[in-house]
Every structure is written in structure tokens, then in C-alpha cells.
Amino acid sequence: MRIELRDMHKHYGSIKANNGINLTVEEGTIHGILGENGAGKSTLMKVLAGYIPKTGGEIIIDDKIQDYHTPADASRRGIGMLYQEPLDYPPLTVLENFMIGQAGGVSNKTLRFREKLEDLIRHFNFTIDPDVRVKQLTVGERQQLEMLRLLSLGIEVLILDEPTTGISDLQKEALFNSLRRLASEGKSVILVSHKLKDSEALCDRVTVLREGEVTGSMEKPYDANELLSMMFGEPPLPSTRSPVEYGGTVLSMKNISGLGERTGLSRCTIDVREGEMIGLAGLEGSGQGVFLRIAAGITKPTDGSLSFFGEDMSGKNLHAFKKAGVVFLPASRLEEGLMPDLSIQEHFALKEGGSSFFVKWDEARSESREKTEKFRVKGTPDTIAEALSGGNQQRLMLSLLSKESTLLLLEQPTRGLDVESTNWVWWHLSKYCLRKTAVIFSSTDLDEIMSIADRILVFFDGTIIKDVKRDKTDTKELAKAIAGKV
Amino acid sequence: GYAAAADKPFTFGLLLVGPYNDHGYSQAHYEGGEYVERTIPGTKMIYIDKVNPADRPGITIPQLVDDMVEKGAELIIANSDDMKDGIREAARMHPETDFIHISGDDVITGMAPKNLANLFGRMEYGKMMAGFVAAMTSQTGKIGYLGPLVNDETRRLASSCYLGARYAWETVLKKDPADLKFQVTWIGFWFNIPGVTADPTQVAQNFFNSGYDVVISGIDTTEAVVVANQKIKEGKEAWAIPYDYVGACEGASAVCLGVPYFNWGPGYVSFIKKSMAGTFASEWLWLSPDWKDINNIDTSTIGFARGGALSAESGIALSAFISDLGAGKLNLFTGPLFYQDGSVYLKKGAVATDKEIWYMKQLLKGMSGQSSAK
Amino acid sequence: MQESNGINTSVSRRDNAIARFSRDLVITVLVVVSFTTLIIVLAGAPPLAAYYHIFKGSLGSWVKLGHVIRVWIPLTLCTCGLLYTFRIGLWNIGVEGQVIMGAVFTTYVLRFGMDGRMANFFLIAAFTAGVAGGALWALIAGYLKTKGGVNEIFAGLGLNFVAQGIILWLIFGPWKRAGIASMSGTELLPRELWLSYVSTIRLSPLGLSLALCAIIVTAIMLRYTKIGLCLKALGSNPNAAHIFDLNTRLYMLLAMVFAGGFAGLAGSMQVTGVYHRLIPAISSNYGYLALLVAMLSNYNVWIGPVVAFFFACLNVGSIQLPMMLQMDSSLSGVIQGALVLAALAVHAWRIRARRIAEETWY
Amino acid sequence: MTGFDLTILLGGVVAGAAPILLATLGETITEKAGIINLSLDGTIMLSAMTAFVVAFNTESLIAGFVSAAVVGALVAAVVGIFSIYLEQSQVAVGFVLTLMARDLAYFLGNPYTRVPGPSVGPQPIPFLKDIPFLGEVFFNHSLPVYLSLLLIGLIWWYMYRTPQGLRLRSVGENPGACFARGINPRSLQMIYVLCGGFFVGLAGATFSLCTKPGWGRPQGAEGTGWIALALVIFGGWHPIRAAIGAYLFAFLQVMGIYFQEWFPSVPAQVFQVAPFPLMIFTLVFINFAQKESVIKHAEGRVWLKVVLRLFSGAMPTALGKPHKTGQ
Ligand SMILES: Nc1ncnc2c1ncn2[C@@H]1O[C@H](COP(=O)(O)OP(=O)(O)OP(=O)(O)O)[C@@H](O)[C@H]1O
Ligand SMILES: Nc1ncnc2c1ncn2[C@@H]1O[C@H](COP(=O)(O)OP(=O)(O)OP(=O)(O)O)[C@@H](O)[C@H]1O
Ligand SMILES: [Mg+2]
Ligand SMILES: [Mg+2]
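Only a predicted model underlies this, so the values are computations on that prediction, with no experimental measurement involved.

Participant: Hey, could you go over the overall build of chain D for me, with residue numbers and the actual values?
Facilitator: Helix and strand counts for chain D come out as 15 helices and 0 strands. Taken against the 2.2 N^0.38 rule, which gives 20 Å for 327 residues, the C-alpha radius of gyration of chain D at 20 Å falls within 12% of a compact globule. If one aligns the C-alpha atoms of chain D with their principal axes, the spans along those axes are about 60 × 50 × 45 Å. Pairs at least 24 residues apart make up 76% of the contacts formed inside chain D by residues separated by at least 6 positions. Carbon and sulfur atoms make up 72% of the accessible area of chain D, which amounts to about 11300 Å² in all. Considering chain D, the positive charge centre built from 19 side chains and the negative charge centre built from 14 side chains are found 12 Å apart.

Participant: How would you summarise the sheet that holds strand β8 (residues 188–193) of chain A if you had to cite specific residues and measurements?
Facilitator: Residues and elements named next belong to chain A. Pairing within the open sheet is mixed, and its 6 strands lie in the order β6-β7-β8-β3-β9-β10. Every other strand in the sheet has two partners, leaving β6 (79–82) and β10 (213–219) as the edge strands with one partner each. Direction aside, neighbouring strands of the sheet carry axes that sit 20° apart on average. In this structure, strand β3 (residues 30–35) lies alongside strand β9 (residues 205–210), joined through 5 bridges in parallel fashion. Residue L34 lies in a different strand from β9, and its bridge partner there is V208. In the packing of helix α1 (residues 41–48) onto the sheet, the strands contacted are β3, β6, β7 (157–161), β8 and β9, and the crossing angle to β8 comes to about 150°. Those strands touched by helix α6 (residues 169–184) are β3, β7 and β8, and its axis lies near 155° from that of β7.

Participant: Describe the pairing of strand β8 (residues 214–217) of chain B, naming the residues involved and giving the relevant values.
Facilitator: All names here are of chain B. Burial of the side chains of β8 extends over both faces: V214 and I216 are buried on one face and V215 and S217 on the other. In the sheet, strand β6 (residues 142–147) pairs with β8 via 4 bridges, with the strands oriented parallel. Bridging from a neighbouring strand, G144 pairs with V215 of β8. The pairing of β8 with strand β9 (residues 239–241) spans 3 bridges and is classified as parallel. Bridge pairing in β9 links I216 to I241. Since β8 and β9 lie parallel, the crossover through helix α8 (residues 223–233) that links them has a hand, and here it is right-handed.

Participant: Go over the interface of chain C and chain D, please, and point to the residues and values.
Facilitator: The partner chain D presents 40 residues to the 47 residues of chain C that form the contact. When chain C packs against chain D, the two sides together hide about 3700 Å² of surface, and 79% of this comes from carbon and sulfur. At the surface where chain C touches chain D, the tally comes to 0 salt bridges. Put simply, chain C and chain D have 3 residue pairs in polar contact (both at pLDDT 80 or more) between them. At the level of secondary structure, the elements contributing two or more residues to the side of chain C that touches chain D comprise α1 (10–42), α6 (152–172), α10 (286–296) and α13 (331–359) of chain C. The greatest single-element share of the side of chain C that touches chain D, amounting to 14 residues, is contributed by α13 of chain C.

Reading the values: the criteria
- Residues numbered from 1 in each chain as written.
- Chains lettered and ligands numbered in written order.
- Predicted model: local features only at pLDDT ≥ 70, side-chain atom pairs only at ≥ 80, totals over all residues.
- Heavy atoms only, no water.
- Helix = DSSP H or I, 4+ residues; strand = E, 2+ residues; numbered from the N terminus.
- Rg over C-alpha atoms; globule rule 2.2 N^0.38 Å.
- Contact = heavy atoms within 4.5 Å.
- Areas by Shrake-Rupley, 256 points an atom, 1.4 Å probe, with all protein chains shown as cover.
- Lys, Arg positive; Asp, Glu negative; His and termini not counted.
- Charge placed at Lys NZ, Arg CZ, Asp CG, Glu CD.
- Pairing = 2+ DSSP bridges.
- Axes fitted to C-alpha atoms, helices over the stretch in contact; angles between N-to-C directions.
- Buried < 20%, exposed > 50% of the residue type's maximum accessible area, 1.4 Å probe, protein only.
- Right-handed = clockwise from strand over helix to strand, strands pointing away.
- Buried area = accessible area lost by both parts, 1.4 Å probe.
- Salt bridge = Lys/Arg side-chain N within 4 Å of Asp/Glu carboxyl O.
- Polar contact = N/O pair within 3.5 Å; in protein donor to acceptor, adjacent residues only side chain to side chain.

In C-alpha cells form, the structure reads like this:
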């Protein structure tokens, strides 16, 4: 099936998410959509999948103009999409997830669909148990399930929005193989991603979006630099930071265990020294989150001891940790990091501890003015956090950090940021290391960890299975560790 | 009060605790007021019903009285025991207006200001008749009494019921005293307030389910009759005796043995005449039935309307009972009578005084149920 | 609700806000009036007469105005309290029970002063106790929420019924009048313990000034103090509390204490200023009504009292309906509910309109 | 009443629980679909009034029940429209309606206060009613009671054994995903809101035409709506466990009368509120049972596991958060 998009428009108020996009996807090919954050990739795909209404433009399927408004219509026309954030039902079983949307009526159809599902699983030699609850699956498995469901609907064109975030290289291989297989069976695949590597590995052709418009497209073999310039204007400069010598021990953990995420954390023992920049590698939810939250004093360890500068912190409350200069920035900004309905100015007033009973509004205002200036946050003191873009929210959070912090705990600090913002963030953080602040960050992107961290902890199933200096290891070795092989 | 000028009508106000159309206590008062309008020309009634904190949250008696006085009321009647404090307070605020508190005793206790009088009917006679027919009818000898809240008045009425029943059981039917069971269950107020009072429907059902075949209602509403109707539909034998209102048996002739009712007209008229003449005085009026014809609307404050389920012979026995009471041949408040705890209420041969009857400190020996909210 | 971006100046925002507000008001009122009229006609009564009597019955004379204000005082107190809990995103439906417990604690203290000596001392002590009682009852709900993880709505509801049980038990049990157990409540307080009032309009100046203070204090607390800011922040996103080192539980409890305290004060007013004794229905549903007031005033501390006054007028005036038109007075409740619904509808409709406008922006 | 007979007692419980059971089941459906209808208490009153007035004027019980159900659905529709389509706070709308519907009932029902009217007669089921114990308890009632009994199983079967039921649960879990799968979450939720309201309406009718025949102020149904809401949680959003809760509650209420005589020192009124502390306790326990540490602690301890499963109420993930317009 051949898809052609003509002069597609999607506007959110003043924001032109898609602004006159033309794009053609040939039958039986794998087509890559590249672009920085907010380039308009997801939006375009959601329109194509009928999930959101378009503001203007035409969708042409096999030379016929098609006008549809719901995902149902789209899948009836053979178009199905794997969304950036998985749209399934964690509390229900795999089989139930598979059935919802296909099965109707009141007669019990479980058996028929069980067969159907098991056939598909075998066909792609996946390993999913139809009877476990989806919340027990890994992100990768959830994608697989979703894909099988779409295929069982008779999908001709499969759209995947950033399917490679947060899944292991093994799962990624499995996924890519099945995609290749689909293409060979004559189906079209559209792959949305930030990641050049993925597109290069898989796609027959890529189209690059930027600020809602097509900046170019390219056949195999690809010229990485040219693609980068299409994505970001000029190719981004790789981050550099001058080496610092470490000071005394900031944080030391002994046999710390804790609950949380899927795996929890078990018997973790490390020391962190002033000025160290430590990267936490591993699949999403292998214990990094718990580790960071325990270190930040948000989660209480079930056993083991933890101390700052030699002072035992066990039994101390969050406040004590703050006093010790620990700062934690969560991955999800609006969910965990900021107050969506509060203005930038109110955020500063809130941060301003002090014991005064009344709020010093004028001070807060002036401070927010200068900080937004300094951190290049696009917004006025009265802009509410929700109205800021993802990157600007990240900048706002960083601008709220106090200089006196001794330990920075950052959960995926560059998640969803484009390369420029990313570089800016690292440049900013490196200044903290110079001030003898220890920085611990987690990331799903190995290359990033390799380029930034000078010490790397690899998490697997809630344990640290590798703890090395950056210059003593390489990507291959880490990748294996992440997959559980040491 | 002062004599009303001939041209402008004499307005009197009525504060009803329940709905004016409740087929019970409040409707009896409402119709009493209508009777006044009919019989004394140039009188006009204004009323407000459901005057109780559950139905009218935030409303106080003085506030309502203020309003009625504004509307020109020169005499105001409060028909419920629990308006006692409010009406007294209001009477103090409006010394130029006359007040009647039904079932109160401020005049006896001397707490009443000069412009507040008390009025009540000797319902114990009505209740005796109710108890009488109940005992005459009951097959199982188990009589249930659906009591409202516990106070002197309700104890008095429940006890009168029991005395009537005991008289029928022992003297008329010559049955063994031990076989008569008279159970009083209090719900907590004059009518059901969900989550506040016990549910009279459930209480009545329990009576019938556990062998009681006659339920006498001491409350203002008609649950007893409704449930009895349900029970005969189920094929059980069930009778009920409502309270307060002459029409309470309507549509329930299959189960209703009769109803002891108030006829407020005569009492109202006497007070309003006085007030119009400017001779209103603080007095305590406790009116008896007109024994010549207890159902005479112009003269008898207490009546007993016979119900469709009353058997002929019971009816005859009842007539005899009534004439004996009327002739004074029979006074059930005659000693020896004992309180529930065995202490003496009336010594042998002693006849109770009005005060002794009015202030009934406990239920009588032989009745079961709580004597006071402990 | 929030402006799409902070660029336009606060001034222009304010006056078009006012314009919007007045337009909404008109629409809402129109909707409600037509709805109510329909209901009244359904009940077979003359609508105009009904409205006339409600108006005359509430503002027709000084005495009536006094009655209105006497209702307005507890209503306003409860509303002020609720603003704190709404700020932090708690639905303190337990306010009803908090009023009751305030009244119970007040009565408990006053029972020691039944002989009428040292009246002022006992009154002050009683009001303090009332505040404490309400706050305590709110704290229980607060702890159930923060420690027990019980949704405050159900905790509150449950506690309302429990409070109802306690007050009944006291009135029919330990605190009953000698030999009598009746809904008419506990023994009447001696006159010394009644809140003094101006007899011509039956209005207690102390109560009035308390209510006014409550409004001002609340306004300042919410706008200019750390506490107010923190409540707003946590209401916006409790998950980010740890970033700003805010103790969510502490502030939840704090908000509950404020709400309960004001509610308890309302309870004290009911006992000392209105009924002069403890009755089972002492709360007069002002707690629930205050929730409507808060919603209708869009949680605004200045609009709140105005709405409260209007609601009080409805409550007092509606007594005329049964007297003059043989209609049930619960019409007032219908009108109040309809108002809130209509307001919500208009509000929603505005948001829709704005979104559609943006969708079609080119 | 000294005559304490378990059979009669339980019979009374089954009969007395009918309306509250209907309401609880209705709300369970609504909340399973992700919408909280807080207006139950008012809805029951309004539908009770409608049922009586209609039955009184048309002299047809059927008409009474139908009209009540329709009214119930209508009130629910308001909740649905406001929360699903207008995206307003469900709690707010529901609460307003609670108060408003109740007052509306009192207002419109005023002329019918305490007038004797029609009521559903008993319909013992032949043969079955003669089974010694069970007969008296289950098969000696009126039709609405049988209906309530029947619905327990029916609703369970529908929810957990049919594809439609699967949809119902799914929309309560993640409406967005439903939309992506071509199910229109809004109309689906709306349907079940209406459906739930329908049953609540029946509950009201059962009050005024069967359990507590007649209309008055107070009618006697006041407060049950709140209890039903609590029972839904008590039942962990599962129809059968919700039903058990309803019966437990009815049992306590009936026992109140016996308590009055067994513990005379306690005023009758107190027993009326007994169930509410119980509800709070249950809610605390449910929460406690879901704590990770507790679950970990239960590993291996069989009996503890059983208790926990009993209380593990799985709240629909999207409860109270309807699908926002696709952007
Ligand atoms: N709720 C909102 N209200 C108003 N404007 C909004 C809202 N959400 C997003 N925006 C606007 O959308 C634009 C970008 O937001 P968004 O985070 O979606 O873009 P982005 O490209 O992902 O940004 P980044 O790359 O920094 O993450 C910003 O200008 C922001 O003001
Ligand atoms: N719901 C929304 N409201 C306002 N603006 C939006 C909304 N969704 C997307 N946008 C805007 O549309 C633009 C494109 O968003 P989109 O999600 O398509 O970017 P993307 O290419 O998928 O970025 P990413 O790689 O982060 O997924 C962004 O600037 C964003 O601000
Ligand atoms: Mg995207
Ligand atoms: Mg983004």
C-alpha cells in the first residue's frame, strides 16, 4: 500500500506543529522519519493514524484521497500505529489486551483469540505468556504485543513512534528483524526516531522534519553529517569538559536494599567522591530510579546503611538530606518536578526557603527575571510551568537548583531534549563538578554516558553488576552488561 | 391581647411540627384551625408546617413567630412538646401577643410568662380504648407499642394503653394475666428521621414477624397501618391502631381497629374567644372527652373512631367500657399500681391526681421496654 | 483557565476578566431563572409571587435582614475554612461533621457554667473549645487521608455520620434533660451564656465581626503568606513536593485544621447565638451548603461571602413559600443547586469555545 | 422483641437490602467504566418520589418503576455530560446534584406526603419457598428483591465473561487506549453511566413502592446513597463483593432493633450510624493491603495472602479521569 501526504497542516493555537508537509511512503519499504524534539513527527503520525484531527492537507492512499477522523477508520484502511507512550491496559492480561477492540458481542470468544495470538507469537518467535498481566511485561514486550494486535487487524502500514527508547539491544534486534520481515511480506513500515543509528540500520529511506516542515530526505547509504544538518541546521558540537581531581567521599552506601519500580534495589554498595560525574546505565527500571531516590532520601531503604560525609543518614527524613545538600531532578518534569499551574515567579518564591511568614513577592519576581534570562527559559515570570516547552521546563528546573548543592542526582536529565539543549545542559552541569559537586545521572543512551561520565555503574535486575571508570571499558562491554552478561 | 377591631380579621398562627397533611398529629391541629375559622367569624389562620430542625434546618421558633407577628398574628399556637423553649423565648419577645403551647407544662412549673397558656387533651382515655380493643382482638396476647421519644407524656400514654389492655384481658376476657405481653419500643422521635431515629417500618415489621399481632402506634405517622397491610397481603393476621387523626384509618379498613384522635377545635375556640375579648390568661387547660358523645366535633376534645377491622362483639364491649369510664364507674388509674422497677405508683385504693398522671415517672409494672432513655 | 501565555499585560487581562465574569453571571442567572420558573410552574404555583415572597421574606424588614445575617455568619465561616482545603486539592466534605463537633465541644464547656456566673469567661473558653473540636474532627479525616490513604471524601462522609451519632447519643443519653429524651435537645442555656444581640434586629455584633475577620484573615493567608503559596503549589502537583522540600502531609493536615477550626467556630455560633442549646440538627446543613458556595464563587475569597449572603437570603426567604403559597420551601435548595450547575456549564462552555477558536486558527 | 429468629432475621436482611443492593450494583458499573456518580443519594430520593407519584396517578406499579429508572438515568446523564463531554469535576457535579435532586424530590413530592398509595405485594416462589431454611430467606419476597438477587450474578457474568464486559473494564482503565483501538470511550462511558443511573433509579422505586411504601418527608431512603457509594469501595469494584457488603450493612441495620433491647443503656439512634466507622476501617484496611511492604510481608504466609486478596480493591486506573478531547 502506498501512502502520500500532501501539504499537511496541524496547528495548536499559535504553534504550527506541522506546517505544509509533503511525504510519500512506498509499498514494502521501511521509511524513517527523523527530527529533533518537537519537530512535529509524532503529530504528523498521529494525524496519519487518525488519532488527532488535521488542520489541513490531504492523505492519499493508493492514489485515492481518503478522509477519516478516528483510529478505527485508519485501521479499517490498513493503517495502524505504535504510539510513543504505550496505549494499553497494564492491569489486564495480555490476552485481554489483545482482544480489546477486536472482540465484540456478549458471547465468550476467549478461545478463538487465544489461538490467534499464540499463532502470531510463534510466527515472530516472541516469548509472551498470554495470561500474565501486561504490567509485568517489559516495555519491549508491550511493544511486541501491540504490534501483534495491529497485525491481527490486517494492518498494511505500520507506524512506530520512537520504539527503541527504553528497550534492550537484544529486544531492539528482535524488533528490527520482525520489521524487516514485515517489509519483505509487502507491508510498509514508518519508523519515527531521534536516533540516527536506528534509522541507518533499518530504513530504506528517511525524511527529516524540522519545526513542522520537511528539510530534506535521503536514500541509503546515508551521510550522517548531512542528516544532522538537516535536523539541527548546523551539526551540534560534541560536549567537552576539562578533567577535575576528586575530593573526599560525599556519599557512601553499604548493602542498601529498597523497594520500587519492577525490580527494586538489592545489596548496593558504593562510595561517591566530590567532583565525580557518574553515569547509571541499564534498561529503564532496572533499579537506577530506586537508587537515585534512596540516595535523595525520598525512598527509605529496607536495609543497609547510608552516610554523607561520614554522617549516618539512616532514619533521617527528606529534610535532613536537603540540608546535607542533596538535590534530585526526576525524569518526568510536569509529573514530579514542577507545579504545572504555578507561574515561574511562584516557583522561585516557593524555592526561597527562609522562615519568614509572608512571601517576598518583589524579590521572587526579580530573581525569576534574572534566572530566566541566565538559563534562557522562554517565558515571563507570569508564564505557568505547564505552558513551557519540555526543554524550557528542564531549563526552569535547573535554574531552581541551589549552588550550594553537594550531590546532584539527575534522572535522565536529557530525556526528550534535542542535541543543542542536551549539550547546553551538560555544559551547565559540568560547572557543578568544578565546584566539587558530585553528579550522578541515569540515561538510556549509552553513547551519552560514554561521552559524559567518568565512572559508570551498570544496573541489571536491581543490582549493580558493573562499576568501572569510563576509560577502562567500551560500549560493547557495557551493552553486554546491560543485557545481563558480565 | 386586645379585642380585635370588627373590620380587620383576627389572625391566629399555627406552628405545626409535621406536614399539615400527615394524616396524623399535625393534620388534626390544622383541621382544628380550620374549625375555628368556620365557627368564629372574622378569624383567619396562618400556619407553617414541618417546624422541626430536621425538615427546616437553621429555622428557629422565635424567627417564625417574628414573621407571623409581622403578618398580624395576635395569637400563636405551637403544637409540639419540643417547641417548649422556643415558644417561651418568643412569648417573652412579644408580650403583646398571646401564645398557646400544646402539651407543655410551663404554666404548672411557673416558667410561663403571662401571655403563654398550655392546652392538652386527656388522650389517656383514648389510649385506654385503644389498648382495650387491642387486647380484645389479639389472638397471641402479644401487643406491640410503637413509641416515639421517652418523656412524661409518652410514658403516660403508653401506660394508659396498657391499663386498657389489661382491663380487657383480665376483667372482660378473664384470661390469665401472664399471657398478656405488652412491649414498648421507642424509635426516638415523633416520626422517622433516617439515620437519626430507629426505622418505624422495620420496628413494626419486627413486631409482626415475632408474633405480635396488634401494633398500637404512639407516633405521628402511619407506618404501623402500612406494615400491617403488607402483612395481611402475606397472609399473616395483623391489626394496627394509628394515632392522633380521625381519618387515620382511611384506606386501611382491613387492619385498622380504630384510632384515638384529638379534636382541637373546642380547645382552640375557647382560647381564641378569650383572646379576642382580651381576657386571655395564662392557664393550664387539660380537656376531657365529652362522655355524652366522645365523637362530637363541637364538644369533645378526645375521640375514638372505630375501624373496619373491629369485630362486632369487641365493639359492644368497647361501648360498655366507654360508658363505664364516662359514668366514673371505672377509673383505671386506681391503686394498687406499681412502676416497672417495682416501686409503688399508687397505693391500694388510691386514685391518681392529675399531676400524678401527668408526671408519669416510669412505665408500669407488666409492660416491657425502656422506662427512660438510660 | 490559565492564560495560554503570560505575554499580555496583567491590566488588560484583569478588565477582560471582569467583562467575562459579568457576561457569565448574566447567562448563568438567565439559565437558572428559567429553570426555576419551569419547576415552580410544574408545581402549579405562580412563579412571580414565589420570587416576590422569597425576596420580601429575606430583605423585607430589618428583623428579616437580621435573620439572613445570622445564617450568613456560619455559612461564611465554613466557606472560608473550605478555601484552605480546596487550595490543596482536598474535598473536605467532612465540614458538616466539623461544625457538629464544634457545637458539641462548645456545649461541653458551657455545661460547667449553667449557673450563669463568669459568663464571659465561659463564652471565651467555649468558643476556643469549639474551634478545637472542629479542628480535631478535621484532623482525624486528615490523618485517615495522609496515613490511612482513605479518600477524604469518604473519610469525611463517614465522620459526618459518626458526629451525628455522637451528638444524638449525648442529647438522648448523658446530656438529656431530667427524665426526658427528646429531639428538642439539651437543657436551655442561661441567658448570660447567650451571645448578646441587638434585639431590634436579633443580630449579634460579635458574630458579625468574627465572620468579617475570618474573610480578611483568609484572604491574607492565601495571597500573601508562605502557607498560602505552599497550599496552592501542593494543590497543583503534590508529587513535586520533595523537589521544594514541602511536607505534603503536614500541609494537608494544616489545611484541614484551618477548615475544621472555622467550621467549629460556626458550630459555637449556632449554640451560643442561635439555638442556645445543643440540638441534633445543630449544623443546619451549613457545611454542605458552604461547599456549594465555595464552588459557585469559584473558590474566590471575596466572591464567596457575596454568594453566601445570597444563599442565606434564599434559605430565610423560602419559609414564605409554605406560608403564603402552600409550596415546599426546599425550592431554595433547588435554586442553589441549579445555580452551581449552570455556573459549571457556562465555565465549561467557555473553555470549549476558546479551544475551538484555537483549533481553527491559521 | 425477645423472639429472636435467625431465619426471619435473614429473610428481613435479604428484603431490606434490595434497594441499597440495586444502587450499589449500579454505581459499581458506573465506576468500573471510570466515572464516579456522586449524586446517588439525591438520585434515589428523586426516583423514589417519581416512582410513587407515577404509580399513584397511573395506578400502575410498572409505570412507577420504569419512570423512576428513567429519572435515575436522567440524573446520571447530567453527571455524564458534565464530566465526560464538558470535562468538569465529577465530584463537584455529583455533589451538587445530590443536594439538588433531594430538594427537588421534596419540592415536587410535597402534595403526595403520606397519602396511602400502591405497593408491591409479596410473590413467594412456588416449591422453592418450601425449602426449609433457604425458602424463607431467599424465595419468600417480592419481585424487586428477586431482581436484586438476580442482578448480582448477571452483572458479574457480563463484566468478567463477555467481550462487552471487557470493553467496560478497559474504558475504566485507559480511555485513551480505547480511542486508539476504535472504541469511542465517551459514548461507551456515557452508556454505562446511564445504565448505572438506571439501576439506582430502580433502587429508589424499590424504596417507595416496596421496602418503605409511600412518600413523605423524610421518606426513609435518606443517606442510603452515601452508603451505597461506600459499599462500592468496600466491594473493591467487584459486583459480588459489593453485594456481600450490602447484605452486611442491612444485617447491621436490622440488628439495631435487637441491640436496643440487648444494650438498653445505649440510645437507639447510635446503632443507626454503626456501619460508617466500619466502612472507614475497611477503607483503611484496603489501603493497607495494597502497600508494597505488606504484600512482600505476606509472601509465603497463606492465610495473610487470603485476607489481603479479600481486601485488595483494584480501583479502575482512570476512575474520575475521563478521556480528554484528542489533541
Ligand atoms: N499547555 C500549554 N499551553 C500553552 N502552550 C503550550 C502548552 N504546551 C505546550 N505549549 C507550547 O508548545 C511549545 C513547545 O512545547 P513542547 O514541549 O510540546 O515542544 P517541544 O518541541 O517538545 O519542546 P522541547 O523540544 O523543548 O521539548 C512551547 O512554545 C509551549 O509554549
Ligand atoms: N497537545 C499539544 N498542545 C500544544 N502543543 C502541542 C501539543 N502536542 C504537540 N504540540 C506541539 O507540536 C510540536 C510538535 O510536537 P511533536 O510531539 O510532534 O514533536 P516530536 O517530533 O514528536 O518531538 P519528540 O521527538 O519529542 O516526540 C511541538 O512544538 C509541540 O509543542
Ligand atoms: Mg514525538
Ligand atoms: Mg517535547
